[in-house]
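# Observations on the three-dimensional arrangement
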Amino acid sequence: MNNNYQSMWKNLGLDLNAHDALLQVLGKGYQDIFLAQNNRPEGMSYFDFVMSEVHGLRIKELMDEKDQGRKIVGSYCVFVPEELVLAANATLVGLCSGADFVMEEVEKLLPRNTCALIKSSFGFKLGKVCPYLESADMIVGENTCDGKKKAYETLNTLVKNLYVMDLPQVKSEQGKSLLKAEYDRFKNAMEKLTGVSITAESLKQAIQIVNAKRSAIHRLSALRKANPVPISGLDALLANQVFFYDNPARFTESVNKICDELEKRIEEKQGVFPENTPRILLSGCPMAVPNWKLPWIIETSGAVIVGEESCVGERGTRNLTDESGQTMDEMMKSIVNRYFKVDCAIFSPNPDRLNHISEMVETYKADGVIHYSLQFCQPYLMESIPVETALENKNIPVLRIETDYSMEDVGQLKTRVEAFVEQLT
Ligand code: BJ8
């Protein structure tokens, strides 16, 4: 990565040596996992570029935005509505992290049996290696699982700009009212942060921008129904991950460009893997960059991933916000309606998720489901059992995986995944 960024990283307070080490690992992982794939769509070169500059050019762009008075908001959850951030003339970036860092330091603040996603976010803060976190003018936490809820209390002692959003845990009318009240409070907080009043016009425009981004991802997902599949699950996951970092309009354009290419590939029956390769639906916890371990194992074990039932995937992008509202009240209501449908495992009960998994199996013609939970993630580990039962009742093969960010279990996971794939052929 360009040496010119060193002073920018230094000004952000990063630990340059540790950060260099992280970039090296990231670069090597990307090379071995993504660039080693065959038959990739040409359009993926855009995402290769984005990833090569994910701590460079993109951060420089954010810094330029800040110089022009725009605020940067960081978030750990898909419940933080990008529409309200954009309407207040700010930029939203994802902060979840997918790699272990300074674990000894992290475990002084968090119990060992905390999920890797939370620990990793702390590691990136304590190790001073995340330019997104350091450039954020506001960091939004949310009361979702117990791990996150309690971790934000500790994070609040490490950062000066944490805002915690309360979220419902039940899909009831009271639950919806709580979400509405919290989105109203967040709207006020955004206006206070930026000094910009959100108007019906700016909100409508923001809704359209975010809908366009989600629609592009819907288009990409739909193309994965084809046999042979025109894009690998790894590359599709990457697009879903970049969704959280990139400039929204540029992202939309780039994904649509890839879709044009994939449509041609489908016409020509050109796939990344041979026709009739076993098709896997991946379901469970979100996968943040650079957590590519399991998808890489699956796609080097004779199968292709055709969909992600995950917040970095279809759970996060499934629904669009109704664009017909004209007044602020109508639009706020549409936003609440849209987000209230997100079926995160923190909700109880959560039957929609089970239905969506079955629906996705049919839509993407999956031969089997791999359910992925991070170790110590109670919501998704608990739900993995009813998910397995429901799918097995429909004669859909399921493999339940529980893992973390370390590479220690790669051999063991590969053996289990290969045996599962074998059973699908
Ligand atoms: S809406 S899935 S992005 S909360 S893996 S930290 S659940 S113990 S990430 Fe999530 Fe929002 Fe829900 Fe989606 Fe807790 Fe589990 Fe860790 Fe998790």
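Residues numbered from 1 in each chain as written. Predicted model: local features only at pLDDT ≥ 70, side-chain atom pairs only at ≥ 80, totals over all residues. Heavy atoms only, no water.

We now examine the site of the ligand. By nearness alone, 16 residues border the ligand, and Cys-115, Cys-145, Cys-311, Cys-344 and Cys-377 come closest of all. For the shell around the ligand, the domains that each give at least three residues are domain 1 (5-203) and domain 2 (217-320 + 344-424). (Near = heavy atom within 4 Å. Domains from an automatic or database assignment.)

The domain architecture assigned to the chain consists of domain 1 (5-203) and domain 2 (217-320 + 344-424). The interface of domain 1 with domain 2 comprises 46 residues on the first partner and 45 residues on the second. Summing both partners gives a buried area of about 3,900 Å² for domain 1 against domain 2, and 68% of it is carried by carbon and sulfur. Our count for the contact surface shared by domain 1 and domain 2 stands at two salt bridges. Residues Arg-250 and Glu-61 are paired through a salt bridge, measuring 2.8 Å at the closest nitrogen-oxygen approach. Taken together, the connections running from domain 1 to domain 2 amount to 15 residue pairs in polar contact (both at pLDDT 80 or more). It is helix α2 (residues 16-35) that contributes the most residues to the side of domain 1 that touches domain 2, six residues altogether. Among the residues making up the side of domain 1 that touches domain 2, the classes are represented as 24 nonpolar, 13 polar and nine charged. (Contact = heavy atoms within 4.5 Å. Buried area = accessible area lost by both parts, 1.4 Å probe. Salt bridge = Lys/Arg side-chain N within 4 Å of Asp/Glu carboxyl O. Polar contact = N/O pair within 3.5 Å; in protein donor to acceptor, adjacent residues only side chain to side chain. Helix = DSSP H or I, 4+ residues; strand = E, 2+ residues; numbered from the N terminus. Nonpolar A, V, L, I, M, F, W, Y, C, P; charged D, E, K, R; others polar.)

So, about the sheet that holds strand β4 (residues 162-165). In spatial order, the strands read β2-β1-β3-β4; together these four strands make up an open sheet with parallel pairing. Sheet topology places β2 (90-94) and β4 at the edges, where each strand pairs with a single neighbour. Going from strand to strand, the sheet's axes swing by 30° on average, the running direction of each strand aside. Note: strand β3 (residues 138-142) against β4, four bridges, orientation parallel. Pairing of Val-140 across the sheet is with Tyr-163, part of β4. Against the sheet, helix α9 (residues 146-158) makes contact with β3 and β4, and its axis sits at roughly 160° relative to β4, the strand it touches most. (Pairing = 2+ DSSP bridges. Axes fitted to C-alpha atoms, helices over the stretch in contact; angles between N-to-C directions.)

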